[in-house]
Amino acid sequence: MSSEPHHQASLPRSRRRFTMVLLGAISGAIGGILGIPLGGFFGLPALRSREFAWAEAGPVDGFKVGEIRFVALMPLRRPVWPEEAPRMGAFVSRKADGTFEVFHNHCTHVGCPVNWNPAAQRFFSPCHGGVFDRSGRVLAGPPQRPLDRHEMKVEKGVLYAGEIYSVNERLERVGRYHS
Amino acid sequence: MSLGAWLDDRLGTRSLAAGFFYRRIPRAVGWPHTLGSATLFLLLVQTVTGIFLAFYYVPSVEHAYGSVQYITEQVPFGAYVRGLHRWSASLVVIFAVLHLVRVFFMGAYKYPRETSWVVGVLLLGIIFAFGFTGYLLPWDQKAYWATVVGTHIAEWAPGVGDVAARLLRGGPEVGIRTLGRFFAFHVLFLPTFLWLLVAVHLFMVIRQGIAPPPVGRLAVICPEEYRTRYEESKAEGASFLEHLTRDAEVALALLLIASWLALRYGAPLEEIADATTTTYVPRPEWYFYFLFELLWVFPGRWTVLPAFWIPVLGFLALLLLPFLDRGPARSPLRGPVASLAATAVLVGVLFLT
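Sequence order as written defines the numbering, with residues in each chain counted from 1. For naming, the first written chain is A and the first written ligand is 1, with later ones following in the order written. Confidence filtering applies because this is a predicted model: local features only for residues at pLDDT of at least 70, side-chain atom pairs given and counted only at 80 or more, and all residues used for totals across whole chains, interfaces and linings. Processing note: side-chain calculations cover all non-hydrogen atoms of the structure and skip hydrogens and water entirely.

Caption draft 1: Focus on the overall build of chain A. For chain A, the helix and strand inventory stands at 2 helices and 11 strands. Each helix is a run of DSSP H or I of at least 4 residues and each strand a run of E of at least 2, with the numbering of both proceeding from the N terminus. Reading the helices (α) and strands (β) of chain A from amino to carboxyl end gives α-α-β-β-β-β-β-β-β-β-β-β-β. In chain A, which comprises 179 residues, the share counted as buried stands at 41%. In this analysis, two residues are considered to be in contact whenever any of their non-hydrogen atoms come within 4.5 Å of each other. When contacts within chain A are restricted to residue pairs at least 6 apart in sequence, long-range pairs at least 24 apart make up 41% of them. A 1.4 Å probe and the Shrake-Rupley method give the accessible areas. Residues count as covered only by the protein chains that appear here. Of the roughly 10000 Å² that chain A leaves accessible, carbon and sulfur atoms contribute 61%. Only protein chains enter the accessibility calculation, which uses a 1.4 Å probe. A residue is then buried if its area is under 20% of the maximum for its type, exposed if over 50%, and partly exposed in between.

Pasting the structure below:
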């Protein structure tokens, strides 16, 4: 270029290119050495799956057949930082055949805490009018999938709730979130 | 030898200061042009009060709520400092938006100030991120549930929603790591980028000079003649130092207003966060209402619009406005389509708020 400033022109073009490539390579190396570990440090703990510990929901005999009851899930093991298992809210449903379903208490629209209304036999979300039936199916409002559920198991007469998963409209398991 | 002369001898500070304080600014620069400096002042208040709050605040789920209670109830002037941080936060949002509206309607984002606009919109994004991360910190019911809802909305992002929500929360649910993350974002990451971008923003404003109001020969963009016209406008204008008194008056008025709000209304603290509530109705902070309420407008499967596309595309459109609107007319009266659209968006947002 004819308008090249003097100080730029004083460095021959080939030398300038070489210097720029070298500076770029060094910057890239510094960025990579710092960036890859820091990216993993930030992101990987958040993406780890299966970290929900089994939590006690209560003795099986405490749940009446046909009833849906709110329980505060108490994590089994003491939260070991940072593998902490949070205290959560859930709804335990004991169906007519005596088997259980455990529902996560966050609405599947934007996560507001749902409540079970025994008189209406419905779950209601307080935010945008989401309504679910006793199996967690959407009856009204904006939610696009049934209530999420907890894995569960019964040991020595006690019901335990585990990891949360999502179900499709046929109530088949589809993963943690809508897929 | 005075200190000023000593420094000037070594660093040439006097001509630097003279160039800054006594530079001429275009005529008809007045009160509307104090909105930017008002935002800057409020950001300073936020930084200072935030640093002091950090002396007592403890970012852990066991102690966060208690430490905020301690600040509010026991620390001398604690209620005032926390109230100031809270109310000044709302004022930052108001004044940043007013500043943006002023710049828009005066056509100040057009040639040669497109870059100032882009950096300004990024700063607005940072301000909203401050709001979103800030109100989790007291770890009360509002904090917890607004964050459950806020990160749940991120799940609606097509394809990457689950990963994005988990990265925000630090795990599958809002918990101990969410608080740590939001704290680090709020007090370390965001302030660093905020002040970096503010410095860039101010550098551009000083380098290019304050945008002249869209009147007379400067009402139409004309890159070839812009510089001579701008110099003409400056020759008729006042010196920056005189304008600075307006900025200072606005700053003092804002501090008084924020202080009054802080003393009169304080900063609310609800019950401690409880994941097992069955009665709590989450409500976001007022400056996110319009998005929250937008969820009513688009029900069901359309939720992805208010949850993702409208905020993302809206922000991109705002960011790239100088490149989308390339018309030469700076006055809003000459570009009625953009102005009407902008007015409609503003009215809509205000209505939903």
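Having seen it, we continue.
Caption draft 2: Geometry of the interface of chain B and chain A. Facing the 36 residues of chain B at the interface are 37 residues of chain A. Together, the buried faces of chain B and chain A total about 3300 Å²; carbon and sulfur atoms form 61% of this surface. Pairs of N or O atoms are called polar contacts if they sit within 3.5 Å, as long as, within protein, a hydrogen donor faces a hydrogen acceptor (for residues adjacent in sequence, only side-chain-to-side-chain pairs). The interface formed by chain B and chain A includes 7 residue pairs in polar contact (both at pLDDT 80 or more). Contributions of two or more residues to the side of chain B that touches chain A are made by helix H7 (141-154), helix H8 (161-169), helix H9 (176-208) and helix H12 (289-297) of chain B. When grouped by side-chain class, the residues that make up the side of chain B that touches chain A number 18 nonpolar, 9 polar and 9 charged. The term buried area means the drop in 1.4 Å probe accessible area that two parts suffer when joined, counted for both and summed. Polarity classes work like this: nonpolar for Ala, Val, Leu, Ile, Met, Phe, Trp, Tyr, Cys and Pro, charged for Asp, Glu, Lys and Arg, and polar for all others, with Gly in that last group.

Caption draft 3: Geometry of the nonpolar core. All names here are of chain B. Grouped together as the largest cluster of nonpolar side chains are 43 residues, with contacts concentrated most on Phe 95, Trp 117, Leu 194 and Leu 254. At the level of elements, helix H3 (35-53), helix H5 (78-105), helix H6 (114-134), H9 and helix H11 (240-265) are the ones that each hand at least two residues to this core. In terms of residue count, the dominant contributor to this core is H5 (10 residues). The contact partners of Trp 117, leaving out residues within four places of it in the chain, are Leu 100, Val 103, Phe 104, Tyr 109, Leu 318, Leu 319, Leu 321 and Pro 322. Nine residue types can take part in a nonpolar core, namely buried Ala, Val, Leu, Ile, Met, Phe, Trp, Tyr and Cys, and a core is a set of them joined through side-chain atoms within 4.5 Å.

Caption draft 4: Local environment of the pairing of strand E9 (residues 149-155) of chain A. Residue and element names in this part refer to chain A. Only when DSSP finds a minimum of two bridges between them are two strands counted as paired. Across 6 bridges, the pairing between E9 and strand E10 (residues 158-167) is antiparallel. If you follow Val 154 over to E10, its bridge partner there is Leu 159. Following E9, the chain reverses through 2 residues before pairing antiparallel with E10; Lys 156 in that reversal takes a positive phi of roughly 50°.

Caption draft 5: Broad picture of a nonpolar patch on the surface. Residue and element names in this part refer to chain A. Without a salt bridge and with relative accessible area above 30%, a residue can belong to a patch; like charges are then joined within 9 Å and nonpolar side chains (Val, Leu, Ile, Met, Phe, Trp, Tyr) within 5 Å. Here, a salt bridge means any side-chain nitrogen of Lys or Arg that lies within 4 Å of a carboxyl oxygen of Asp or Glu. A contiguous nonpolar patch, built from Phe 18, Leu 22, Ile 26, Ile 30, Leu 34, Leu 38 and Phe 41 and spanning about 760 Å² of accessible area, is present on the exposed surface. With respect to the helices and strands, the residue Leu 38 is situated in helix H2 (residues 13-47). With relative accessibility at 52%, the residue Leu 38 sits in the exposed group.

Caption draft 6: Layout of the packing of aromatic side chains. All names here are of chain B. Each aromatic pair joins two rings of Phe, Tyr and Trp (for Trp, the six-membered one) with centres within 6.5 Å, and gets the label stacked for planes under 30 degrees apart, edge-to-face for over 60, and tilted for any other angle. Counted under the stated rule, the structure contains 29 aromatic pairs over all chains. Between the aromatic rings of Phe 104 and Phe 105, the centroid separation amounts to 5.0 Å while the plane-to-plane angle is 90°, which identifies the pairing as edge-to-face. The exposure class assigned to Phe 104 is buried, which follows from its relative accessible area of 11%. Using a relative accessible area of 24% as the deciding quantity, one classes Phe 105 as partly exposed. Where Phe 132 meets Phe 182, the ring centres are 5.5 Å apart and the plane angle is 55°; that geometry is what we call tilted. Residue Phe 132 is found in helix H6, and its partner Phe 182 is found in helix H9; the two are separated by 50 residues along the sequence. Judged by relative accessible area, Phe 182 falls into the buried class, the value being 0%. Ring pairs connect the aromatic residues Phe 128, Phe 132, Phe 182, Trp 286, Tyr 287 and Phe 288, which therefore count as one cluster. Criterion for a charge above a ring: Arg CZ or Lys NZ at most 6 Å from the ring centre, at most 35 degrees from the ring normal. Positioned above the aromatic ring of Trp 31, the side-chain terminus of Arg 246 is 5.8 Å from the ring centre.

Caption draft 7: Looking closely at the state of the cysteines. Residue and element names in this part refer to chain A. Two cysteine sulfurs form what is called a disulfide whenever their separation falls within 2.5 Å. Under the defined criterion, the tally for this structure stands at 1 disulfide over all chains. Two residues, Cys 112 and Cys 127, share a disulfide whose sulfurs are 2.0 Å apart. Measuring handedness by torsion sign, the sulfur bridge of Cys 112 and Cys 127 sits at about -90° and is left-handed. With Cys 112 in the loop between strand E4 (100-104) and strand E5 (115-117) and Cys 127 in the loop between strand E6 (122-124) and strand E7 (131-132), the pair connects residues that are 15 residues apart, well separated along the chain. In this structure Cys 112 comes out as buried when scored by relative accessible area, which is 1%.

Caption draft 8: Broad picture of the packing of H5(B) against H6(B). Residue and element names in this part refer to chain B. Following both chains from N to C, one finds H5 and H6 inclined at 160°, their axes separated by 10 Å at the closest point. The angle between the axes of H5 and H6 places the two elements in the roughly antiparallel class. With respect to the hand of their crossing, H5 and H6 are arranged in left-handed fashion. Of the residues in H6, those touching H5 at Val 92, Val 93, Ala 96, Val 97, Leu 100, Val 103 and Phe 104 are Trp 117, Val 121, Leu 124, Ile 127 and Phe 128. Grouping the constituent residues of the contact of H5 with H6 by class yields 12 nonpolar, no polar and no charged. To obtain an axis, a line is fitted to C-alpha atoms, over the contacting stretch when the element is a helix, and the angle between two such axes runs from 0 to 180 degrees between their N-to-C directions. Angle categories are assigned with fixed cut-offs, so that under 35 degrees is roughly parallel, over 145 is roughly antiparallel, 65 to 115 is roughly perpendicular, and the rest are oblique. Put simply, a crossing is left-handed when the front helix is turned counterclockwise from the back one by less than a right angle, and right-handed when it is turned clockwise.

Caption draft 9: Main features of helix H4 (residues 64-73) of chain B. Residue and element names in this part refer to chain B. Listing the buried residues of H4 in full gives Ala 64, Tyr 65, Ser 67, Val 68 and Ile 71. Looking straight down H4, one finds that the buried residues subtend no more than 165° of arc, so they occupy a single side. Buried residues along H4 sit in contact with H3, H5 and H9. It is the directions from the helix axis to the C-beta atoms whose arc is reported.

Caption draft 10: Geometry of the environment of B:Pro32. Residues and elements named next belong to chain B. With respect to the helices and strands, the residue Pro 32 is situated in the loop between helix H2 (13-21) and H3. Separated by 103 residues in the primary sequence, Pro 32 and Tyr 135 place their C-alpha atoms 30 Å from one another. Here Pro 32 is in contact with Arg 102 and Met 106, once residues within four sequence places are set aside.

Caption draft 11: Broad picture of the pattern of salt bridges. Per the counting criterion, the structure on display carries 15 salt bridges over all chains. B:Asp325 is the salt-bridge partner of B:Lys110, the closest N and O atoms lying 3.4 Å from each other. With B:Lys110 in the loop between H5 and H6 and B:Asp325 in the loop between helix H14 (321-324) and helix H15 (336-352), this pair connects stretches of sequence that are 215 residues apart. Among the charged side chains, a network of salt bridges with common partners joins A:Lys95, A:Glu101 and A:Arg149.

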